[in-house]
Structure formats: C-alpha cells, structure tokens
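The residues making up each chain are set out below.
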Amino acid sequence: MTEDPPGVPTTPADDEQGDQRVDEQSSVDEHGADGARTVPGDPSADASAQTAAGGERPEARLERAVRAAEQALIEFEIAVETFRVEVENFSRLHHQKLGPMYTRLDELDAQIAEAHAARTGDPEDLRRAQEARALVLPMPGVDELFHDWIDSDGLSPEAAAMLTDHQSVQPPKRVRPSDEARKLYRELARKAHPDLAQEEKERARREAFITRVNAAYGRGDEAELGELLREWDAGPVPEASPIAESEELYARLEWLSQRKELLTMIAKELEDSAIGAMLKMAPDDPDRLLDEIAEQLLAQVAQREAELAGLVQ
C-alpha cells in the first residue's frame, strides 16, 4: 500500500499525477490505437477497437479505464480528506489550547490602556481604553456558545455521536492522527468509498459507513478504525456488475471528471484558508506548530505584564 506524504493535500504534485491518471484514462477511452478519436456507437471505431484488442469487446477495455480512473480519484479524495481533518483538528485545538492565552493578552491590553488613560486623562486615551475593554467582553457568537459542537460541516462528529449514540464529546488529541490511524483510514477508504458504487442502495450504505470512518479518523481512534475494517471485511460483498454499455461508461468517466474538479476546488479552499496556511509552515509536524505558537504567546504575556507593572507603580 502506498502512503501519501503527511501534510497538505498533494494538489501541487501528487494530485497532478492523480489528475493526469484520470485524464489519461479519458484519453484512452476517446482515442484508438492510432490516436484517432473514437465515437461511441461508431461501427468502424468499434471494429477497429476489437481488432486492436484481439477480439475483445471495446467496452471491456473502456471498463478497465473507468476502474483505473475511479482508483485515481479515490486516492485524491483520501489526500483531501486527510488534510481537511488536520485543518479541522488544528482549528479546534488552537482554540482549546491557545484561547485562554489570547484572552489573557486582551485583558492585559485593556489594563495597560486603562492605566495609561488614568495617567494622562486625555480623551483620546480614554477612548482607546474603552475600545480595548470592549474587546475583552464581546457579545458571544454562535461558535463560542457551541464550542466543540459545531465545525465547518455543521454539527461536529463528536456532538452528533453524543446526541445519537449517547457518546461523550471527545475533542481530538492531536492535529495529525497517528501513522497507524492513517494507514487504517486509507485501507478503509479504498475498500468502502461511496464513489466505488454506482447503485443508489449500495452508495447509501457506503456513505453511512464512511461517515463513521471519517469520525473515527478525525479523533485518531485506531481501535475503532480497526473494528470498522473488520466490520467491513465481514460484511456483504457487492456483486460484480456486468460490463456496461459504452454510453454508460463514458457517462461514468464524465462524472469522475466533474468529481475531480469539485475536489480540486475544495482542496484549494483548504490550502488558502488561514489554518491551511499555518499548516504549510509545519508540514512535517503540525502539533509542534501549536507548541511554538504557545511559546510565542507566553512571551507576549510576560512582556505585557512587565509593561503593566511599570505603569501602575
């Protein structure tokens, strides 16, 4: 099994390769051996393809191209999802671990402004002190009232689990799940991803299952991921579908191409976000980045406390 490198989704390099694989499969579907474009339903093209394949139905070769394109898309989806989890976890841990330090800095800034205004009596200094104090006591927003309950996708997996399965809210322990969790997640995604299904019933079953997989991966829960893998392997094996007609296979390739374009936009939004930009600063160890930011904030707190002590003496 090939492991994706940790960090940002592989859109600059690996994802280009994934894109190329999808595009190359489309090119295989659309061109014959001599490079001429083939048209579905064209008898001469079908005959030419059969001759080139030694009597093999052209749909069989097209079917293999579709399967290869599906696998390339799944690899891209895995890269995007693993990065989305890191962005979400970093955001939550950043707020959880560093939020009190930011609050302390705001309080010190307000006290410094108030002490300075008390010394000068200047109306402008008084106005600045009032503004600084207002920052310390903001009206709570929805994200603050429901911290750890709401994430970018709405209700967080932990909150949903507590409401539906009576589980406790479990914040992530690390930004990046362990290597074993990443390995299990990739294996599960490659086996159970909804994009591998074309029947609506089977797709719905896979979507429900992969939702549980994503939640366990977000928490870095190796034990649950292992249980899910065993559950999937013990479950029903989807029946192999007969080779579809050319028109259906071309439609499938078109859907895969559109899905790839959507994922590319999602990956770009993640990379361009504030948290995504921060993660780029420490692609090898995002958890260490949190520690470095904490050290910087502690230094700023010490500096503000010394400044305030000088003003109130």
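Refer to the preceding data block for the structure.
What you see is a predicted model; the values in this text were computed from it and never measured. (Residues numbered from 1 in each chain as written. Predicted model: local features only at pLDDT ≥ 70, side-chain atom pairs only at ≥ 80, totals over all residues. Heavy atoms only, no water.)

1. Focus on the overall build of the chain
Line of reasoning, step 1. Looking only at helices and strands, one finds 12 helices and 2 strands in the chain.
Line of reasoning, step 2. Going from N to C terminus, the chain has its helices and strands arranged as α-α-α-α-α-β-β-α-α-α-α-α-α-α.
Line of reasoning, step 3. Looking at the 313 residues of the chain, the share that counts as buried comes to 40%.
Line of reasoning, step 4. Partitioning the intrachain contacts of the chain with sequence separation of at least 6 by distance along the chain shows that 74% fall at a separation of at least 24.
Line of reasoning, step 5. A total accessible area of about 17,500 Å² is found for the chain, and carbon and sulfur atoms account for 54% of it. (Helix = DSSP H or I, 4+ residues; strand = E, 2+ residues; numbered from the N terminus. Buried < 20%, exposed > 50% of the residue type's maximum accessible area, 1.4 Å probe, protein only. Contact = heavy atoms within 4.5 Å. Areas by Shrake-Rupley, 256 points an atom, 1.4 Å probe, with all protein chains shown as cover.)

2. Some words on the packing of aromatic side chains
Line of reasoning, step 1. On inspection of all chains with the given rule, the structure shows 2 aromatic pairs.
Line of reasoning, step 2. A centroid spacing of 5.0 Å and a plane angle of 40° characterise the contact between Phe 209 and Trp 232, whose relative ring orientation is tilted. Of this pair, Phe 209 sits in helix H8 (residues 200-219) while Trp 232 sits in helix H9 (residues 222-234); the two residues are 23 residues apart in sequence, bridging distant segments of the chain. (Phe/Tyr/Trp six-rings, centres within 6.5 Å; stacked < 30°, edge-to-face > 60°.)

3. Thoughts on the packing of H8 against H9
Line of reasoning, step 1. Contact geometry of H8 with H9 gives a least axis separation of 9 Å together with a crossing angle of 160°. On the basis of the axis angle, H8 is roughly antiparallel to H9. Viewed along their axes, H8 and H9 form a crossing whose handedness is left-handed. Across from Glu 202, Arg 205, Arg 206, Phe 209, Arg 212, Val 213, Ala 216, Tyr 217 and Arg 219 in H8, the residues of H9 making contact are Glu 224, Leu 225, Leu 228, Glu 231 and Trp 232.
Line of reasoning, step 2. Of the residues assigned to the contact of H8 with H9, the class counts are 7 nonpolar, no polar and 7 charged. (Axes fitted to C-alpha atoms, helices over the stretch in contact; angles between N-to-C directions. Parallel < 35°, antiparallel > 145°, perpendicular 65-115°, else oblique. Left-handed = near helix turned anticlockwise from the far one by under 90°. Nonpolar A, V, L, I, M, F, W, Y, C, P; charged D, E, K, R; others polar.)

4. A word on the environment of Arg 133
Line of reasoning, step 1. By the secondary structure assignment, Arg 133 is in helix H4 (residues 123-136).
Line of reasoning, step 2. In the structure, Arg 133 is positioned 23 residues away from Ala 110 in sequence and 5.0 Å away in space, judged by C-alpha atoms.
Line of reasoning, step 3. Here Arg 133 is in contact with Glu 107, Ala 110, Gln 111 and Glu 114, once residues within four sequence places are set aside.

5. What to know about the pattern of salt bridges
Line of reasoning, step 1. Under the counting rule described, the total for this entry stands at 30 salt bridges.
Line of reasoning, step 2. Across the pair Glu 86 and Arg 182 runs a salt bridge whose closest N-O atoms are separated by 3.6 Å. Residue Glu 86 is located in helix H3 (residues 58-120), and its partner Arg 182 is located in helix H7 (residues 179-192); the two are separated by 96 residues in the primary sequence.
Line of reasoning, step 3. On the basis of relative accessible area, Arg 182 is assigned to the buried category, the value being 4%.
Line of reasoning, step 4. Taking the shortest distance from any N to any O, the salt bridge between Arg 127 and Glu 124 comes out at 2.2 Å. One end of the pair, Arg 127, and the other, Glu 124, are both in helix H4, 3 residues apart, so they sit about a helical turn from each other. (Salt bridge = Lys/Arg side-chain N within 4 Å of Asp/Glu carboxyl O.)

6. Remarks on the packing of H3 against helix H10 (residues 246-272)
Line of reasoning, step 1. Orientation of H3 relative to H10, taken along the N-to-C sense of each, is 15°, at an axis distance of 10 Å. Relative to H10, the element H3 lies roughly parallel. Once H3 is placed against H10, the crossing between them reads as left-handed.
Line of reasoning, step 2. A class-by-class count of the residues in the contact of H3 with H10 yields 17 nonpolar, 2 polar and 9 charged.

7. Side note on a nonpolar patch on the surface
Line of reasoning, step 1. Taken together, the side chains of Leu 262, Met 265 and Ile 266 make up a nonpolar region of the molecular surface, amounting to roughly 250 Å² of accessible area.
Line of reasoning, step 2. Within the fold, Ile 266 resides in helix H10. (Patch = residues over 30% accessible without salt bridge, like charges linked within 9 Å, V, L, I, M, F, W, Y side chains within 5 Å.)

Geometric values such as these leave the question of function open.
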